[in-house]
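Descriptive structure summary
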Amino acid sequence: MAKYKSSSISDKWKKTNWLLEQGDLRKHVPHTETFNRKNLFSLLSKYSTVYFKPTHGSGGAGIIRINKKNNGYQTQFKKEKSFFASADELYHMLSRFSNKRPYLLQKGIQLAKTNGKLFDIRVMVQKTKKGEWISTAVFAKIGSPGKIATNYNQGGSLGLFQPTLTGAGFHSASIQNTEKALKQLGVSVAKNFDRHLKGFQELGLDVAVDNKEKLWILEVNTRPQIYPLKYLKDKKLYHRTLSYAKQYGRLQ
């Protein structure tokens, strides 16, 4: 068996710029900027919700959601909410929080809800023995009530794609079309990453579906987790992704 080796990149800003270079992917990327005073004020003037996220980070850690209110700004970190009367006060708090580490600002996407819970989609893309990319799994990450991230290690749960979208009010034909579009998006992103850096064997796309059924790429993970899939009642996705992973030496 081949030793597991797949390229990895943690810099979200670099990955965002790779996507922005490609026209058909650019439309799926929410407005994202590096964190500074000018960019913060600019995004707050345009959007009702802005996310403040570490440039290097995973698992939904270190993310703050900013909601614009009539008389100021409300932030939420994990389950803790705070209020700031001005953008200046908010900027100073975020600067202290970042502690000189690089952060990004991203337009907040209004996630669709399934049975009252926010969710986004994970698209697992893996390379075959022949070196071709294939989207091997599409499933939902369903957020824990009160949390701002849907990640499994933030208390979220996993859901099968079709029941999740049915719970969100999607019709059968729409679910099929969305799944097809997600799989195509996964392969397109993987080919894009391959052009920028050789050696990727797997990627995990986090994709938001908004209330108009548009797809938004929130993040591309180069070290996607497989093990949470084993906790789904239907183990087919787990065994499928694992069978591809074993081809390039990954056991888990």
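Structure's up top.
Read on for a plain summary of the structure. (Residues numbered from 1 in each chain as written. Predicted model: local features only at pLDDT ≥ 70, side-chain atom pairs only at ≥ 80, totals over all residues. Heavy atoms only, no water.)

**Re the packing of aromatic side chains**
For any two aromatic rings, the description comes down to two numbers: the centre-to-centre distance and the angle of the planes. According to the stated counting rule, one finds eight aromatic pairs in the structure shown. Taking 6.2 Å as the distance between ring centres and 65° as the angle between the ring planes, the aromatic pair formed by Phe 52 and Phe 97 counts as edge-to-face. Note that Phe 52 is positioned in strand E2 (residues 49-54) and Phe 97 in helix H4 (residues 87-98), a separation of 45 residues in sequence. Judged by relative accessible area, which is 0%, Phe 52 ranks as buried. Exposure remark for Phe 97: the relative accessible area of 25% places this residue in the partly exposed category. Pairing Phe 97 with Tyr 103 gives two aromatic rings, centres 6.1 Å apart and planes at 80°, and the pair type is edge-to-face. Take Tyr 103: its relative accessible area is 4%, and that puts it in the buried class. A network of ring pairs unites the aromatic residues Phe 35, Phe 52, Phe 77, Tyr 91, Phe 97 and Tyr 103 as a single cluster. (Phe/Tyr/Trp six-rings, centres within 6.5 Å; stacked < 30°, edge-to-face > 60°. Helix = DSSP H or I, 4+ residues; strand = E, 2+ residues; numbered from the N terminus. Buried < 20%, exposed > 50% of the residue type's maximum accessible area, 1.4 Å probe, protein only.)

**Considerations on the sheet that holds strand E3 (residues 64-69)**
Read from one edge to the other, the open sheet built from six strands follows the order E1-E6-E2-E3-E4-E5, with strand pairing classed as antiparallel. Bordering the open sheet on either side are strand E1 (32-34) and strand E5 (80-84), each of which pairs with just one other strand. Taking the axes of each pair of neighbouring strands and ignoring which way they run, one obtains an average angle of 25° across the sheet. Pairing between E2 and E3: four bridges, direction antiparallel. Directly across from Tyr 51, in E3, lies its bridge partner Arg 65. (Pairing = 2+ DSSP bridges. Axes fitted to C-alpha atoms, helices over the stretch in contact; angles between N-to-C directions.)

**Observations regarding the environment of Leu 182**
By the element assignment, Leu 182 lies in helix H6 (residues 172-196). Residue Leu 182 is classed as buried on the basis of its relative accessible area of 0%. When near neighbours in sequence (up to four residues on either side) are disregarded, Leu 182 contacts Ile 121, Val 123, Ser 135, Val 138, Phe 161, Val 207 and Leu 215. (Contact = heavy atoms within 4.5 Å.)

**Some thoughts on the pattern of salt bridges**
Within this structure, the stated rule accounts for nine salt bridges. The closest approach of N and O atoms between Asp 120 and Lys 141, which form a salt bridge, is 3.7 Å. Taken together, the positions of Asp 120 in strand E8 (residues 117-127) and Lys 141 in strand E9 (residues 133-142) put the pair 21 residues apart, joining distant regions of the chain. Accessibility classification places Asp 120 together with Lys 141 in one group, the buried group. Two residues, Asp 206 and Lys 141, come together in a salt bridge whose shortest N-O distance is 3.1 Å. Within this pair, whereas Asp 206 is found in strand E11 (residues 202-209), its partner Lys 141 is found in strand E9, the two being separated by 65 residues in sequence. The pair formed by Asp 206 and Lys 141 is uniform in burial state, with each residue classed as buried. (Salt bridge = Lys/Arg side-chain N within 4 Å of Asp/Glu carboxyl O.)

**Some words on unusual backbone geometry**
A negative phi holds for most residues other than glycine; trans holds for most peptide bonds. With a phi angle near 50°, Asn 99 is a residue other than glycine that sits in the positive phi range. Within the fold, Asn 99 resides in the loop between H4 and strand E6 (103-107). Notably, Lys 100 is not glycine yet its phi reads approximately 70°, a positive angle. By the element assignment, Lys 100 lies in the loop between H4 and E6. According to the relative accessible area criterion, Lys 100 is exposed, its value standing at 83%.

**Some thoughts on the packing of helix H3 (residues 37-46) against H4**
Between H3 and H4, the shortest axis-to-axis distance is 11 Å and the interhelical angle comes to 130°. Taken together, the axes of H3 and H4 lie oblique to each other. The handedness of the crossing between H3 and H4 comes out as right-handed. Residues Arg 37, Leu 40, Phe 41 and Leu 44 of H3 pack against Ala 87, Asp 88, Leu 90, Tyr 91, His 92 and Leu 94 of H4. Here the residues of the contact of H3 with H4 are counted per class, giving seven nonpolar, one polar and two charged. (Parallel < 35°, antiparallel > 145°, perpendicular 65-115°, else oblique. Left-handed = near helix turned anticlockwise from the far one by under 90°. Nonpolar A, V, L, I, M, F, W, Y, C, P; charged D, E, K, R; others polar.)

**Thoughts on the packing of helix H1 (residues 12-20) against H6**
Two elements in contact, H1 and H6, have axes separated by 10 Å at closest approach and are oriented at 110°. What the angle tells us is that H1 and H6 run roughly perpendicular. Where H1 crosses over H6, the handedness of that crossing is right-handed. Residues Lys 15, Trp 18 and Leu 19 of H1 lie in contact with H6, whose contacting residues are Val 189, Asn 192, Phe 193 and His 196. For the contact of H1 with H6, the per-class residue count stands at four nonpolar, two polar and one charged.

Fair warning: the whole summary comes from geometry, so function is off the table for now.
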